[in-house]
Amino acid sequence: MSVNDRGTIKWTAMMLPEHIELLKKMWAEQEFKEKPMLSEYQMEEINLQLQLALANDLTIELEYFQDHDYRKVKGKLLGVDVLNRFVKINQEYLPLDHLTGAWID
């Protein structure tokens with residue numbers, strides 16, 4: 001006979017709501033992803049894709065890291081501010097150092 005052990009979930013009925021919230025927060029933090037370190041080659045490739053999209057008014061897909069997860073946005077590149085280190089795409093401002101990938105459609 002096998003036992004269906006649910007781990008800490010089976011004890012939540014006897015816990016205070018504060019303890020349950022802390023457990024949920026702990027489980028969510030275990031699934032956090034870490035920001036990758038990009039090599040010089042990867043940064044140069046992203047820079048090249050940004051320049052091509054801006055010069056030729058092409059649609060670009062950007063992948064960036066925010067809130068412990070990867071996100072993607074696709075659209076026309078409206079500007080790149082090298083001094084303040086951000087990219088403007090679809091009325092959104094993304095920090096350049098949060099970009100992890102760029103692809104031209």
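Keep in mind that this is a model prediction, so the values were computed, not measured.

What counts and what doesn't
Residues numbered from 1 in each chain as written. Predicted model: local features only at pLDDT ≥ 70, side-chain atom pairs only at ≥ 80, totals over all residues. Heavy atoms only, no water. Helix = DSSP H or I, 4+ residues; strand = E, 2+ residues; numbered from the N terminus. Expected span 1.5 Å × (residues − 1). Buried < 20%, exposed > 50% of the residue type's maximum accessible area, 1.4 Å probe, protein only. Arc of directions from axis to C-beta. Contact = heavy atoms within 4.5 Å. Pairing = 2+ DSSP bridges. Axes fitted to C-alpha atoms, helices over the stretch in contact; angles between N-to-C directions. Salt bridge = Lys/Arg side-chain N within 4 Å of Asp/Glu carboxyl O. Phe/Tyr/Trp six-rings, centres within 6.5 Å; stacked < 30°, edge-to-face > 60°. Lys NZ or Arg CZ within 6 Å of the ring centre and 35° of its normal.

Caption draft 1: Representation of helix α2 (residues 40-56) within the structure. End to end, α2 covers 24 Å across 17 residues, agreeing with the expected 24 Å (1.5 Å per residue, within 8%). All of the buried residues along α2 are Ile46, Gln49, Leu50 and Ala53. Taken around the axis of α2, the buried residues stretch over an arc of 100°, which confines them to a single face. What points out from α2, more than 90 degrees from its buried face, is the exposed set Glu40, Tyr41 and Ala55. Where α2 is buried, its residues touch β1 (59-66), β2 (69-81), β3 (86-89) and β5 (99-104).

Caption draft 2: How the structure looks around the sheet that holds β3. Spatial ordering of the open sheet is given by β4-β3-β2-β1-β5, a layout of five strands whose pairing is antiparallel. The two strands at the open ends of the sheet, each matched to only one other strand, are β4 (92-95) and β5. Geometrically, the sheet is characterised by an average inter-axis angle of 45° between neighbouring strands, direction not taken into account. Two elements, β3 and β4, share four bridges in a ladder whose sense is antiparallel. Paired with Lys88 across the two strands is Tyr93, which belongs to β4.

Caption draft 3: Structural context of the pattern of salt bridges. For the structure on display, the rule yields three salt bridges. The salt bridge involving Glu61 is made with Lys72; its shortest N-O contact spans 3.9 Å. Residue Glu61 is located in strand β1, and its partner Lys72 is located in strand β2; the two are separated by eleven residues in the primary sequence. Put simply, Arg71 and Asp67 hold a salt bridge, and the shortest N to O gap is 3.7 Å.

Caption draft 4: Structural context of the packing of aromatic side chains. Counted according to the given criterion, the structure contains two aromatic pairs. Ring geometry for Phe65 versus Tyr70: centroids 5.2 Å apart, planes at 70°, classification edge-to-face. We classify Tyr70 as partly exposed; its relative accessible area is 32%. Centre to centre, the rings of Phe86 and Tyr93 are 5.1 Å apart; their planes meet at 75°, and the pair counts as edge-to-face. By relative accessible area, Phe86 is classed as partly exposed at 23%. Taking the ring centre of Trp103 as reference, the NZ or CZ of Lys72 above it sits at 5.2 Å.

It is worth stressing that arrangement in space is one thing and function is another; only the former is reported here.
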